[in-house]
Amino acid sequence: MAEEFEPRIVAFLCKWCSSAGSDLAGVSRMEYPANVVPIQVMCSGSISPLYIFSAFNRGADGVLVSGCHPGDCHYIKGNFYARRRLKMVKQLLEYVGLEPERFRMSWVSAAEGTKYTQIIKDFVKELKPLGPQTKLRRTT
Amino acid sequence: MAKIEDLKEEAKKLLREGKVKYIIGYGVGSNGWMANPVFVKKPEDVDALVWDPTCVHNLTRFLVDEKRRKGKEKQPDTRPVGIIVKGCDSRAIVVLLQEKFIDRKDVYILGVSCEKAGVVDEKKLAKKLAGKKPSQIELGDKDQFIISTAEGKTEVPVAEILAERCLECKANFPVIFDLMSGDKTKRTPEKPFGSIEQTEALSPEERWNFWKTELDKCIRCYACRSVCPMCYCDECVVDSINMAVAADTTAEEKSEKIKWIQRSPESSENFVYHMVRAIHLGGRCIDCGECERACPLDIPLRFLNKKLEKEAKELFGYEVGFDVSQPALISCFKDSDPEDFIR
Amino acid sequence: MKRTGVFICHCGINIAGTVDVKKVAQELSQHAGVVHAEDYVYMCSDPGQNLIIQAVKDKKLDHVVVACCSPNLHETTFRNASKAAGLNAFRCEIANIREQCSWVHKDRAKATQKATKITKSIIEKVRRDEALEALSVPVTRKALVIGGGIAGIQASLDLANSGYEVILVERSPSIGGHMIQLSETFPTLDCSQCILTPKMVEVSKHPKIKLMTYSEVQDISGYVGNFKVKILKKPTYVNKDKCNLCDECTKVCPIVVPNEFDLGLTGRRAIYIPFPQAIPATYTLDIKACPGLLPIACGKCADVCDVKAIDYDMKPQIVEEEVGAIIVATGFDLYDKENMAEYGYGKIPDVLDGLQFERLCSASGPTKGQILRPSDKKEPKEVVFIQCSGSRDPENHCAYCSKICCMYTAKHAMLYKHHVHDGQAYIFYIDIRSGGKGYEEFVQRAVEEDGVLYLRGKVSKVFEENGKVKVWGVDTLTGKDIEIAADMVVLAQAMRPSQGAQELAKKLKLAMDKDGFLAEAHPKLRPVESVTSGMFLAGAAQAPKDIPEAVAQASGAAAKAITILSQERLFHAPTVAKVFTNLCTGCGMCVEVCPYDAITLKDGKVEVNEVLCEGCGTCSATCLRSAIQVKNLSQNQVHEMINACLGG
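Computed from a predicted structure; not experimentally measured. (Residues numbered from 1 in each chain as written. Chains lettered and ligands numbered in written order. Predicted model: local features only at pLDDT ≥ 70, side-chain atom pairs only at ≥ 80, totals over all residues. Heavy atoms only, no water.)

Asker: Describe in detail the overall build of chain B, supporting the description with residues and values.
Answerer: Helix and strand counts for chain B come out as 13 helices and 8 strands. Its C-alpha atoms give chain B a radius of gyration of 21 Å, within 12% of the compact-globule value 20 Å for 343 residues. Overall, chain B is about 60 × 55 × 45 Å in size when its C-alpha atoms are taken along their principal axes. For chain B, with 343 residues in total, the buried portion stands at 57%. Restricting to contacts in chain B with at least 6 residues of sequence separation, those with at least 24 account for 68%. Carbon and sulfur atoms make up 52% of the accessible area of chain B, which totals about 15,300 Å². Taken as two groups, the 56 positive and 59 negative side-chain charges of chain B have centres that lie 3 Å from each other. (Helix = DSSP H or I, 4+ residues; strand = E, 2+ residues; numbered from the N terminus. Rg over C-alpha atoms; globule rule 2.2 N^0.38 Å. Buried < 20%, exposed > 50% of the residue type's maximum accessible area, 1.4 Å probe, protein only. Contact = heavy atoms within 4.5 Å. Areas by Shrake-Rupley, 256 points an atom, 1.4 Å probe, with all protein chains shown as cover. Lys, Arg positive; Asp, Glu negative; His and termini not counted. Charge placed at Lys NZ, Arg CZ, Asp CG, Glu CD.)

Asker: Before we move on, can you summarise the nonpolar core with the specific residues and values?
Answerer: One finds Phe12(A), Ile52(A) and Leu93(A) to be the most contacted residues of the largest nonpolar core, which totals 162 residues. No other element matches helix 11 (residues 267-281) of chain B, which puts 8 residues into this core. The two domains that each donate at least three residues to this core are domain 1 (1-127 + 161-190) and domain 2 (193-343) of chain B. Apart from the residues within four sequence positions on either side, Leu93(A) is in contact with Ile52(A), Phe53(A), Phe56(A), Leu98(A), Phe103(A), Leu136(A) and Met275(B). Counting residues in each nonpolar core, the second largest holds 98 residues, with Phe261(C), Leu355(C), Ala410(C) and Leu415(C) among its members. (Core = buried A, V, L, I, M, F, W, Y, C linked by side-chain atoms within 4.5 Å. Domains from an automatic or database assignment.)

Asker: Just give me the short version of the sheet that holds strand 1 (residues 4-9) of chain C, but keep the residues and values in it.
Answerer: Residue and element names in this part refer to chain C. Reading across from one edge, 2-1-3-4 is the order of the 4 strands in this open sheet, with parallel pairing throughout. Edge positions in the sheet fall to strand 2 (34-40) and strand 4 (92-96), since each of these pairs with one other strand and no more. Averaged over all neighbouring strand pairs, the angle between strand axes comes to 15°, with direction disregarded. Both strand 1 and strand 2 contribute to a ladder of 6 bridges, which runs parallel. Its bridge partner lying in strand 2, isoleucine 8 is registered against aspartate 39. (Pairing = 2+ DSSP bridges. Axes fitted to C-alpha atoms, helices over the stretch in contact; angles between N-to-C directions.)

Asker: I'd like a rundown of the packing of aromatic side chains, residues and numbers included.
Answerer: All names here are of chain A. Scanning all chains against the criterion turns up 20 aromatic pairs over all chains. Ring centres 6.0 Å apart and planes at 15° place the aromatic pair phenylalanine 12 and tyrosine 51 in the stacked group. Within this pair, whereas phenylalanine 12 is found in strand 1 (residues 9-14), its partner tyrosine 51 is found in helix 2 (residues 49-57), the two being separated by 39 residues in sequence. The buried category is assigned to phenylalanine 12, whose relative accessible area is 0%. By relative accessible area, which is 3% here, tyrosine 51 ends up buried. Arranged with centres 6.4 Å apart and planes meeting at 80°, the rings of tryptophan 16 and tyrosine 75 form a pair that is edge-to-face. (Phe/Tyr/Trp six-rings, centres within 6.5 Å; stacked < 30°, edge-to-face > 60°.)

Asker: Residues and numbers for the sheet that holds strand 1 of chain A, please.
Answerer: All names here are of chain A. In space, the 4 strands of this open sheet follow the order 2-1-3-4, with parallel pairing throughout. Looking at the sheet topology across the chains shown, the edges are occupied by strand 2 (36-41) and strand 4 (103-107). Geometrically, the sheet is characterised by an average inter-axis angle of 20° between neighbouring strands, direction not taken into account. The sheet contact formed by strand 1 and strand 2 spans 6 bridges and is parallel. When the bridges of strand 2 are listed, valine 10 appears paired with valine 37.

Asker: Residues and numbers for the packing of helix 1 (residues 21-29) of chain C against helix 5 (residues 108-127) of chain C, please.
Answerer: Residue and element names in this part refer to chain C. Close contact between helix 1 and helix 5 brings their axes to 10 Å; oriented N to C, the two are set at 40°. The angle between helix 1 and helix 5 falls in the class oblique. Judged by the twist between their axes, the crossing of helix 1 over helix 5 is right-handed. Where helix 1 abuts helix 5, its residues Lys23, Val24, Glu27 and Leu28 lie against Thr112, Ala115, Thr116, Thr119, Lys120 and Ile123. Looking at the contact of helix 1 with helix 5, its residues break down into 4 nonpolar, 3 polar and 3 charged. (Parallel < 35°, antiparallel > 145°, perpendicular 65-115°, else oblique. Left-handed = near helix turned anticlockwise from the far one by under 90°. Nonpolar A, V, L, I, M, F, W, Y, C, P; charged D, E, K, R; others polar.)

Asker: Could you give me a rundown of the interface of chain C and chain A, with the residues and numbers involved?
Answerer: One widely used convention gives an interface's size as the accessible area the parts lose upon coming together. Taken together, the contacts link 39 residues of chain C with 44 residues of chain A. When the two sides are added together, the surface that chain C and chain A hide from each other amounts to roughly 3,500 Å², 61% of it contributed by carbon and sulfur. Ranking the residues of chain C by area buried against chain A places Gln100(C), Trp103(C) and Leu646(C) at the top, with a combined share of 18%. One can count 2 salt bridges joining chain C with chain A. Between Glu6(A) and Lys110(C) there is a salt bridge whose closest N-O contact spans 3.1 Å. Viewed at the interface, chain A and chain C are joined by 13 residue pairs in polar contact (both at pLDDT 80 or more). Of all elements in the fold, only helix 3 (71-84), helix 4 (98-102), helix 5, helix 15 (589-593), helix 16 (618-622) and helix 17 (635-645) of chain C reach the threshold of two or more residues within the side of chain C that touches chain A. Ranked by residue count, the leading element in the side of chain C that touches chain A is helix 17 of chain C, at 7 residues. Counted by class, the side of chain C that touches chain A contains 17 nonpolar, 15 polar and 7 charged residues. (Buried area = accessible area lost by both parts, 1.4 Å probe. Salt bridge = Lys/Arg side-chain N within 4 Å of Asp/Glu carboxyl O. Polar contact = N/O pair within 3.5 Å; in protein donor to acceptor, adjacent residues only side chain to side chain.)

Asker: Give me the domain arrangement of chain B: which residues, what numbers.
Answerer: All names here are of chain B. Along its sequence, chain B is organised into domain 1 (1-127 + 161-190) and domain 2 (193-343). Taking only C-alpha atoms into account, the centre of domain 1 sits 24 Å from that of domain 2. Each partner contributes to the interface: domain 1 provides 27 residues, whereas domain 2 provides 36 residues. Buried area between domain 1 and domain 2, both sides added, is near 2,600 Å², and the carbon and sulfur share of it is 51%. On the domain 1 side of the interface with domain 2, the three residues burying the most area are Arg61, Gln98 and Glu168, jointly 24% of the side's total. Inspection of the domain 1/domain 2 interface yields 6 salt bridges. The partner of arginine 302 in a salt bridge is glutamate 168, and the shortest N-O contact between them spans 2.8 Å. Connecting domain 1 to domain 2 are 18 residue pairs in polar contact (both at pLDDT 80 or more). Where the side of domain 1 that touches domain 2 is concerned, the elements lending two or more residues are helix 2 (61-72), helix 3 (87-98), helix 4 (122-129) and helix 6 (164-167).

Asker: Can you lay out the interface of chain A and chain B for me, pointing to particular residues and giving the numbers?
Answerer: Contact residues are listed per partner, giving 37 residues for chain A and 44 residues for chain B. Overall, the association of chain A and chain B removes approximately 4,000 Å² of surface from exposure, summing both partners, and the carbon and sulfur fraction of that is 66%. If you sort the residues of chain A by the area they bury against chain B, Arg84(A), Met88(A) and Tyr95(A) come out on top, with a joint share of 24%. Across the chain A-chain B interface, the total number found is 5 salt bridges. Its salt-bridge partner being Glu339(B), residue Arg83(A) comes within 2.6 Å of it at the nearest N-O pair. Seen at the junction of chain A and chain B, the total is 18 residue pairs in polar contact (both at pLDDT 80 or more). Where the side of chain A that touches chain B is concerned, the elements lending two or more residues are helix 2, helix 3 (78-95), strand 4 and helix 4 (113-127) of chain A. At 15 residues, the largest contribution of residues to the side of chain A that touches chain B is made by helix 3 of chain A. Residues belonging to the side of chain A that touches chain B are distributed by class as follows: 16 nonpolar, 7 polar and 14 charged.

Asker: Describe the side chain of Thr117(A), with residues and values.
Answerer: Residues and elements named next belong to chain A. Within the element layout of this structure, threonine 117 appears in helix 4. In terms of polar contacts, threonine 117 uses its side chain to reach the backbone carbonyl oxygen of glycine 113, at 2.9 Å. Leave out the neighbours within four places in its chain, and threonine 117 touches Ala25, Met30, Glu31 and Tyr32.

Asker: Now, about the state of the cysteines: what can you tell me, with residues and values included?
Answerer: Residue and element names in this part refer to chain C. Applying the stated criterion to the full structure yields 0 disulfides over all chains. Left unpaired, cysteine 92 is separated from the closest cysteine sulfur, that of cysteine 68, by 8.6 Å. Using a relative accessible area of 0% as the deciding quantity, one classes cysteine 92 as buried. Not part of a disulfide, cysteine 405 finds its nearest cysteine sulfur in cysteine 401, a span of 6.5 Å. The class for cysteine 405 is buried, based on a relative accessible area of 6%. (Disulfide = S-S within 2.5 Å.)

Asker: Please provide a residue-by-residue account of the environment of Cys332(B), values included.
Answerer: Note that Cys332(B) resides in the segment after helix 13 (302-316). The exposure class of Cys332(B) is buried, given its relative accessible area of 19%. Spatially, the C-alpha atom of Cys332(B) lies 33 Å from that of Lys212(B), the residues being 120 residues apart in sequence. With near-sequence residues (within four places) excluded, Cys332(B) lies in contact with Tyr81(A), Arg84(A) and Pro327(B).

Asker: So, the environment of Val21(C): which residues are in play, and what are the values?
Answerer: Residue and element names in this part refer to chain C. Looking at where valine 21 falls in the secondary structure, it is placed in helix 1. Sequence spacing of valine 21 and proline 574 is 553 residues, and the spatial spacing of their C-alpha atoms is 33 Å. Once you skip the residues sitting within four places of it in the chain, valine 21 turns out to touch Ile8, Cys9, His10, Ile15, Ala16 and Asp39.

Here it is in structure tokens:
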């Protein structure tokens, strides 16, 4: 029996909202697939486009960036800059032909453990049929 | 009609009075189908300057070199540099001013208007000439280029050999200048982003194949970076070859200098390099086309930067290179920025 | 050579139940730079912490990673343990393998693999951590309060009574704000001046309060704990210590201008006292109204002044002060009647706003407490009050509710009925918002005891006709149109931030919300703090509110200011941005995006004010050259973490 493809996902979570929401999912003992490995950053505004490219270059099958809802950013407006910057990254990645489902952004607040769980489940489900990300992955 | 004669008087005066260090302009090209950049230091050499449709270069890159030179001098000559710019080139100066890379007083801008036409695509022109060397190329009044060779004059419709970026021109006359020759005839392009329509219309798989074929050719010669006026960073983030070492750079920092991207020209690394460059030029590229012109492998780099120029305009209402006081694309935001892609 | 120690916590069965902790420890012991790896049942316990301390000493560790629960819980615990062992606290990092791993997965193999990846990524991070020390700055233990209304007065008294020196700056000649203009306050109908003047006197007499009236803040620089303020003291041309309030000067002054205190219902002289109980108790010469002092065009007031208090040579002064905390209490103004096209553009003399009506009710007001029509001084027998005038109207005026109008309109109607027993009061309303203590009962009193008629509906037009003020409204509860030929109309105009608040906010670099009120740091949990560290908000400057709320907020702001002033030094997290000047080209993009204005451009390079920087990293993501990065979360570190997360 062929082993089912398990996508490898890197998630950038902002400390004050999304990482706290992810913690809440844990405290509530929710369950989601283990495909996502989280990296906690201070603010979604600190996500450089280089990180996204680096993740795909290192073989990530999916990249998630999650931050505070607009207006709720702990650092006031970092997420607004993230929204603009990462939209540009998304457009560029799609333009070069990367499957649009592979790069995702979400707003998850510290109270949204359920939402976070669902986002991960949906993400893994949508990535499985796409198979491994080979387009931008480094092969050497 | 923009004529170099209009600017020569001023150029001579500036040099005679020592008001500028030198003037960067166009001179007659050795092959006839593309002008050469020239640096005029003496008033008597001003007559070497030309203006015709073969003046394809964006001379503003030399302003970057000038700043680097000044940075190394102990007592730099702070006089401005004169420069001949087309409409598109002048927008590059606006971006350099916006980013405080140069001061307004560092340049004396001699502008030329492309009026109803633009410059030639030197590769198309070369093909048309098929080996013949032209002595002169000028714009006629019936929307044609008049090419004079040893065998006489030929007329070619502008549309046949015009540079593709001129069809999408946003500024056919300089937006900033101290003196300008030619009329300020505004020409609104029919399709401001027409060149990428075809690529955008492809399916994701087709697009991937297109870019893979193109970017696999890249040998990482970095000609595109060297010729771009916006790529003025001392150290490129994808390429630590010239790691800027300061007096206080520790040994640990040097050893820790991670090359997150390899310099080898493999597909994955090439993609990262070009994507990073495109992202870093988002909201800064003015489509002078030099990167594409300089590329030895004919990679259609314009298509990459154009896409982000389009997104900047359509998603964020951001236009590059018209307003010096405008903040950079990524250092401002609007409440109305799209978030339909965010869950 | 890096010597990293890794400690995997079982957390009882919370982690070990799903994650094979021994396997993780074993695998990580093989990782480059790891010289010590062990697992233990409860790392946060004393024996657990001792393991860290022992290992740091025995194995000469220079970095520690603890893989356990969320850093929110025990990061401080393990950093303190590391510090006790002699290791820099910032070289101890936490890998969350519980909330974000063992608690959310069931598959043992996958959870173990993920726990290893997470911990590896933190190892890669900690290896590149700098040894940081918390920043500390000295504190100037003095406060500045801007605005001398009830909120400013309360805050100043709370600060002064706690032992701190306060500078209270007020731009008009006297403190008191709008509260001193009121006749009575709801719901008790206390005389406003009677309850406020004792506080005003306390301010004037307090040894710790430096009262600067007729003064304005010109410039502020510096940062929390260390602000430098320039205050412009405008010349009053009257020496306040000599003035004995004899009032002879006003009798000879030839100039009459509209009296701001009575909102234009009366006039005043160029030399005047705003109201009898003004603090400081002195007259002021309004240089804009006076015919001129250079040369002296008139000079009559100085001639009659027995005590020679008038000094035409007084000059404006710039006073420089250093303070540690600032409270902004600049209050409100009413939305101008001129904006109300439907209600006469403010031109109908018998259409008043709430503050003007308040002055009519006041015993010291233009009509000595009698309610009289401004047009013909006759007593109005029918008065229409219109609530929500300019508020709750997103299309034409202000979208928000001004909070106090329902209450003061009920009060006005009641006061009117108390003054004019045979008068009829009508109130057009949309809702009645009377949520405070005793408020609902107060409104019911207006209906039941004073016969005020409440009509639910908006007024579409107010206009003059035959000496009356015609009101066209509707009563939505009966569905009928209503027309009233009123003698007077009182508009409950919206509350707006006071004039000039915007300019002041710009000087202080204080954020404003979409309606122009000062923005609080968090709408729910930080209502008195501004986004700028060290600056606090009190009163109607932050949002429409009534007097008890303003007082409460003022005391709250004072308490917050005291958290700064009570310390000798302020400590600030050192994980701030740092600039690699050799890479910086001075483009200034980072300066634009910094939410705290912590970055400045100087001589072609940027500099970070470490005390203002909160370490969010937005600057770092914006910089095209990665020339500015956050200490201990640099871009290199993140790239290595990404690699480790993907199994590299």
